[in-house]
Amino acid sequence: MLAEPAVDLLVTNPDGIYLDGTVGGGGHSLLIAKKLSKRGTLIGCDRDADAIAQSRKVLPETAVLIQCRFSEIKEATREFTQRGVWGVLLDLGVSSFQLDTAERGFSHRFSGPLDLRMDPSRGETAADLLKDIDLSDLTRIIFAYGEDSQARRIAKAILETRARHPIETTDDLAQIIDRSVPATRAKSLARVFQALRIAVNHELEELEQGLVDCWDMLIPGGRLVVISYHSLEDRIVKTFMRSKAEPPQPPAYLPMAPTEPPEGKLPFRKPLLPSETEIDENPRARSAKLRVVEKILS
């Protein structure tokens, strides 16, 4: 989604070191690799081992592939990025592979275990989360991360069902949502699955730390390119990028108050959006937003 404009904006030096922090199936990384010279370096990271294995099949042998979370990316890639990187790409959200693999439990469209972990080897599953959570915390998760106005009603229905039997599959959860909010069933299904996925994977905290660390890795002139898919992600990305290009200034009434120079610049203020053609070809692209910030200070 937005692959070609993202890579065109990212790669400004074919001899540089570039990091794809969400390598997924290798689609974006392959486009990056095609723009690099023999002296260029491509590093692909993902917290999902299946994504690393899949991307290895399509990427050049010279590509460096590392399994890690956003919050681990700086340390995990240190061996290859000591001189800094020319660009970092983060394509947020869930990959088509993850959504379409029933065993991962990312989608209500398929029957499977209620897992939702991006790294199935670490942390609790969504089913584990629902075993002991109280009404207040579950309501908060659904409202804050799913932005569903009927969060309390859905959370209450989940806990009432849990008192009778465990909630262990995607079908179990989908049926509860069907019964509790039939009028908004379709939207609430997507919102609740999104909320639990964000909570289980600590996605927003990982993103916040990842942006900081990826920015630190950039050399002057390097670019951070991020594609987001919902307002929670996009708000974090927009706030971070603007803080680099437009640092907060001291109040005007302070005499001779020093001003903070910007560390970066925005090639464009508003996000780039997918074309109608791309949306027609892939409806999941409809919510995508692409933002870029370029580093100007070391």
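Above: the structure in question.
Only a predicted model underlies this, so the values are computations on that prediction, with no experimental measurement involved. (Residues numbered from 1 in each chain as written. Predicted model: local features only at pLDDT ≥ 70, side-chain atom pairs only at ≥ 80, totals over all residues. Heavy atoms only, no water.)

This part is about the pattern of salt bridges. Summed over the entire model, instances satisfying the criterion amount to 18 salt bridges. A salt bridge links Arg-223 to Glu-294, with the nearest nitrogen and oxygen atoms 2.9 Å apart. With Arg-223 in strand E5 (residues 218-228) and Glu-294 in strand E7 (residues 289-295), this residue pair connects regions lying 71 residues apart in the sequence. Classification of Arg-223 by relative accessible area gives buried; the value is 15%. Residue class for Glu-294 comes out buried when judged on its relative accessible area of 13%. Each of the salt bridges in this network shares a partner with another, and the network as a whole consists of Asp-48, Asp-50 and Arg-104. (Salt bridge = Lys/Arg side-chain N within 4 Å of Asp/Glu carboxyl O. Helix = DSSP H or I, 4+ residues; strand = E, 2+ residues; numbered from the N terminus. Buried < 20%, exposed > 50% of the residue type's maximum accessible area, 1.4 Å probe, protein only.)

Before going further, it helps to spend a moment on the packing of helix H9 (residues 151-162) against helix H10 (residues 170-180). The angle between the axes and the distance between the axes are what describe a pair of packed helices. Relative orientation of the contacting elements H9 and H10 amounts to 125°, with a least axis distance of 9 Å. Comparing the axis directions of H9 and H10 gives the class oblique. Seen along the crossing, H9 lies across H10 with a hand that is right-handed. Here Arg-153, Ile-154, Ala-157, Ile-158 and Thr-161 of H9 lie close against H10, whose contacting residues are Leu-173, Ile-176, Ile-177, Arg-179 and Ser-180. The class makeup of the residues in the contact of H9 with H10 is 6 nonpolar, 2 polar and 2 charged. (Axes fitted to C-alpha atoms, helices over the stretch in contact; angles between N-to-C directions. Parallel < 35°, antiparallel > 145°, perpendicular 65-115°, else oblique. Left-handed = near helix turned anticlockwise from the far one by under 90°. Contact = heavy atoms within 4.5 Å. Nonpolar A, V, L, I, M, F, W, Y, C, P; charged D, E, K, R; others polar.)

Consecutive side chains of a regular strand alternate in pointing toward one face of the sheet and then the other. Counting buried positions along E5 gives 9 out of 11 residues, so the element sits mostly inside the fold. Bridge count for E5 against E7 is 6 bridges, and the pairing is antiparallel. Its bridge partner lying in E7, Ser-228 is registered against Lys-289. (Pairing = 2+ DSSP bridges.)

The next subject is the layout of surface pockets. Estimates place the volume of the second largest pocket at around 170 Å³. Contributing to the lining of the second largest pocket are Ala-33, Leu-36, Ser-37, Lys-38, Gly-40, Thr-41, Leu-42, Pro-60, Thr-62 and Ala-63. Among the residues forming the lining of the second largest pocket, the class breakdown is 5 nonpolar, 4 polar and 1 charged. (1 Å grid on protein atoms, 1.4 Å probe; cavity = no way out; pocket = protein on both sides within 12 Å on 5 of 7 lines; lining within 4 Å. Points joined across faces, edges and corners; volume = space filled by probe spheres on them.)

Once that is clear, we can look at the sheet that holds strand E3 (residues 64-67). What the 7 strands build is an open sheet, ordered E3-E2-E1-E4-E5-E7-E6; its pairing is mixed. Lying at the two open borders of the sheet, with one neighbouring strand each, are E3 and strand E6 (264-265). One ladder, built from 4 bridges, connects strand E2 (residues 41-46) with E3; its direction is parallel. Counterpart to Asp-46 in the pairing with E3 is Gln-67. Most of the contacts of helix H1 (residues 3-10) go to E5, to which it runs at about 170°, and overall it touches strand E1 (17-20), strand E4 (85-91), E5 and E7. Contacts from helix H12 (residues 203-217) reach E1, E4, E5, E6 and E7, with the element oriented near 150° to E5.

Turning to empty space enclosed by the protein, a few remarks are in order. Throughout the structure, instances matching the rule amount to 1 cavity of 30 Å³ or more. Forming the boundary of the largest cavity are Lys-238, Met-241, Arg-242, Leu-266, Phe-268, Arg-269, Lys-270, Pro-271, Leu-290, Arg-291 and Val-292. Broken down by secondary-structure element, the contributors of at least two residues to the lining of the largest cavity are helix H13 (231-245) and E7.

With that out of the way, let us pick up unusual backbone geometry. Within the chain, Glu-147 stands out as a residue other than glycine whose phi angle is a positive 55°. Along the polypeptide, Glu-147 turns up in the loop between helix H8 (135-146) and H9. Despite not being glycine, His-202 has its phi angle at roughly 50°, a positive value. Within the fold, His-202 resides in the loop between helix H11 (185-201) and H12. His-202 gets classed as partly exposed once you look at its relative accessible area, which sits at 42%.

Attention now goes to the side chain of Asn-13. With respect to the helices and strands, the residue Asn-13 is situated in the loop between H1 and E1. Ignoring anything within four residues of it in the chain, the contact list for Asn-13 reads Tyr-18, Leu-36 and Trp-86.

Moving on, we come to the packing of H12 against H13. Here H12 crosses H13 at 25°, and the two axes come no closer than 10 Å. Viewed along their axes, H12 and H13 adopt a mutual orientation that is roughly parallel. H12 and H13 meet at a crossing whose hand is right-handed. Here Glu-203, Leu-204, Leu-207, Glu-208, Leu-211, Val-212 and Trp-215 of H12 come into contact with H13, specifically with Leu-232, Glu-233, Ile-236, Val-237, Phe-240 and Lys-244. Here the contact of H12 with H13 is built from residues that sort into 9 nonpolar, no polar and 4 charged.

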